[in-house]
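Chain by chain, the residues run as shown.
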Amino acid sequence: MRRSTLFTVIGLTVILALVLAACQPATVEVTRVVQEKVEVTRIVAGTPVVEVVTATPEPQVELPTEITMIDTNSGANFQWYWQNQVIPAIEEQLGIKVNYVVSKEAELLERMKAWEPGKGDAHLLFVKPETIPNALDAGIELETLYPDKTDVIPNIEKCPKAYLETVLGVPIEGKGALYWRSQYALIYNSEYIKDPPTSWKEFYERREEWKGHIGIVRPDAKSGSSYRIPYSFLNAFVDMVDEEGKAIPLEELQQTQEWQDAWAKLTDFYTYAKLPLPAEPPNMFEDFNAGDTWISFYAMDYALWSRHQGTMPPTIKAGFLEEGMAAGSDGYLIVPAGIPEEYKPVVYKVINFLLSDDQQIRLITTMWQYCGTDIWDKVPGVVWDTIPPWENMEPSRLRIGNSEVKNYIKEFGPDLLVPKE
């Protein structure tokens, strides 16, 4: 190559480099936060220069370590469970202290309506299904847990969606997390009954076998069994709701032959019970322990928990009746929107813990209450030796869909159903 050509190439390269340099700013800064330091990279004349300087971190909000939980759902057995099993586990595993308070729905809702925004002092509520629409109707705002909070409550996605969307036919749009599914069931002493009935019609047809040994709580008892037993019986013989699930008016029902026949069977069925009818469930349990009562229809969880407490015979088991068995009060966890913001992430953490596989399995194996999450494949097989598998129980779940019939039983049952001694 000629010397003049070489000089020409070199000259052009130098000029090009100067032009490119002129087209770029002399210094380029790239900044990123590294923990409590800021790392600044400067590109100076094509050479990276790194400087690390102290950054002022954003102030961290200190989360509470103590919350208040109000329970308006649990009976004596589950109050024991919360206080002796669940709450100690929350404190041990999450480091969160839970102040547990038992109350009633009416008192709770009145208290919440009086709250100033952001100053509510009941952070986690455990309630019956109807409490959610009742609270919303009263103008009380609740946090939407599903699907809005699945990032902080991932276990809520294991709950059946239908239970998160509606309760008792009323839309709730994810404002509650399902903790348990409560169920009434056939309760029988396997020492005396080896082949229990599998339907209400069979139960009625075989009533003579167990005459004087059938446990039925009085219709005027405080217990929900007072109306759930007769309502479930009637449901096996007469339709009390139409095809769309709407209640058929009681006056219209009473004009039908089906209702009259069903009520006559129900009245007759009561005469085969252990007399006098027990005033409350504890009296019925005493009859079971004495060997006077062999079979009944009652809340499955309480009957089997009582078995472990020694207040029911160790040979008690549960079965299902295919035409329908009244559901108990399912348990929902809800979060009021009116509590201080810093409490909400703590409460969500507790809810996620309560919906964990470990806690849900403890729930069914300790308290014989069906899980709120669909983790049936993880439940120990021995559980199904005592209670019906959920896949068998679910089709028989019966909701009290006709409140007029329920109220009729409560008002007139003591006079019309209780056998005269």
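Residues numbered from 1 in each chain as written. Predicted model: local features only at pLDDT ≥ 70, side-chain atom pairs only at ≥ 80, totals over all residues. Heavy atoms only, no water.

Take the overall build of the protein next. If you tally the helices and strands in the protein, you get 15 helices and 17 strands. Split into buried and exposed, the 421 residues of the protein put 48% on the buried side. Long-range contacts, defined here as pairs at least 24 residues apart, represent 73% of the contacts in the protein between residues at least 6 apart. Just so you have it, the protein exposes about 21,000 Å², and 51% of that area is on carbon and sulfur atoms. (Helix = DSSP H or I, 4+ residues; strand = E, 2+ residues; numbered from the N terminus. Buried < 20%, exposed > 50% of the residue type's maximum accessible area, 1.4 Å probe, protein only. Contact = heavy atoms within 4.5 Å. Areas by Shrake-Rupley, 256 points an atom, 1.4 Å probe, with all protein chains shown as cover.)

So, on to the sheet that holds strand S16 (residues 370–371). Spatial strand order, S5-S4-S6-S15-S9-S16: six strands in an open sheet with mixed pairing. Unpaired on one side and paired on the other, strand S5 (97–102) and S16 mark the two borders of the sheet. Strands strand S4 (66–71), S5, strand S6 (124–127) and strand S9 (177–181) of the sheet are contacted by helix H2 (residues 76–94), whose axis makes an angle of about 165 degrees with S5. (Pairing = 2+ DSSP bridges. Axes fitted to C-alpha atoms, helices over the stretch in contact; angles between N-to-C directions.)

What follows covers the sheet that holds strand S13 (residues 316–319). Two pairing modes exist for strands in a sheet, parallel and antiparallel, and in both the strands are linked by backbone hydrogen bonds. The strand order across the open sheet formed by four strands is S11-S12-S10-S13, and the pairing between neighbours is mixed. Taken across any chain shown, the strands that pair with only one partner, and hence form the sheet edges, are strand S11 (214–215) and S13. Both strand S10 (residues 184–189) and S13 contribute to a ladder of four bridges, which runs antiparallel. Note on S13: the bridge partner recorded for Leu 186 is Gly 319.

To continue, consider the packing of helix H7 (residues 225–235) against helix H15 (residues 403–416). Where H7 meets H15, the axes come as close as 9 Å, and the angle between the chain directions of the two elements is 125 degrees. Taken together, H7 and H15 sit at an angle that is classed as oblique. Note on packing geometry: the crossing formed by H7 with H15 is right-handed. Across the interface between the two elements, Ser 226, Tyr 227, Pro 230, Tyr 231 and Leu 234 of H7 pack against Val 405, Lys 406, Ile 409 and Lys 410 of H15. Classifying every residue of the contact of H7 with H15 gives six nonpolar, one polar and two charged. (Parallel < 35°, antiparallel > 145°, perpendicular 65-115°, else oblique. Left-handed = near helix turned anticlockwise from the far one by under 90°. Nonpolar A, V, L, I, M, F, W, Y, C, P; charged D, E, K, R; others polar.)

So, about the pattern of salt bridges. Per the stated rule, a full pass over the model turns up 19 salt bridges. Arg 206 is paired through a salt bridge with Glu 202; the nearest N and O atoms lie 2.8 Å apart. Using a relative accessible area of 23% as the deciding quantity, one classes Glu 202 as partly exposed. Its salt-bridge partner being Asp 357, residue Lys 378 comes within 2.5 Å of it at the nearest N-O pair. Of this pair, Lys 378 sits in the loop between S16 and helix H14 (390–393) while Asp 357 sits in helix H13 (residues 357–367), and the two are 21 residues apart along the sequence. Judged by relative accessible area, which is 18%, Asp 357 ranks as buried. Within this structure, Glu 143, Lys 149, Glu 341 and Lys 344 form a network of salt bridges that share partners. (Salt bridge = Lys/Arg side-chain N within 4 Å of Asp/Glu carboxyl O.)

Core analysis: the biggest nonpolar cluster contains 123 residues, and Trp 82, Tyr 179, Leu 234, Trp 259 and Ile 351 have the highest contact counts within it. There are two domains that each give this core at least three residues, and those are domain 1 (66–181 + 329–387) and domain 2 (184–326 + 398–416). For Trp 82, the contacting residues outside a window of four places in its chain are Met 69, Asp 71, Ser 74, Ile 87, Pro 88, Tyr 100, Phe 126, Tyr 179 and Leu 354. (Core = buried A, V, L, I, M, F, W, Y, C linked by side-chain atoms within 4.5 Å. Domains from an automatic or database assignment.)

What follows concerns the packing of aromatic side chains. The geometry of two aromatic rings is summed up by the distance between their centres and the angle between their planes. The full count for this structure, using the stated rule, is 33 aromatic pairs. Taking the ring centre of Tyr 272 as reference, the NZ or CZ of Lys 211 above it sits at 5.2 Å. (Phe/Tyr/Trp six-rings, centres within 6.5 Å; stacked < 30°, edge-to-face > 60°. Lys NZ or Arg CZ within 6 Å of the ring centre and 35° of its normal.)

Moving on to helix H12 (residues 344–354). Taken across its 11 residues, H12 has nine buried, putting it largely inside the fold. Burial in H12 covers these residues: Lys 344, Val 346, Val 347, Tyr 348, Val 350, Ile 351, Asn 352, Phe 353 and Leu 354.

Quick look at the pairing of S4 now. Of all the six residues making up S4, five are buried; the element is thus mostly covered by neighbouring parts of the structure. Sheet topology note: the S4/S5 ladder contains six bridges and is parallel. Bridge pairing in S5 links Glu 66 to Lys 97. At this point the chain moves from S4, through H2, to the parallel S5, and the crossover so formed is right-handed. Two strands pair when backbone bridges link them, and S4 and S6 are joined in this way by three bridges, in the parallel orientation. Each bridged residue has a counterpart across the sheet, and for Ile 70 the counterpart in S6 is Leu 125. (Right-handed = clockwise from strand over helix to strand, strands pointing away.)

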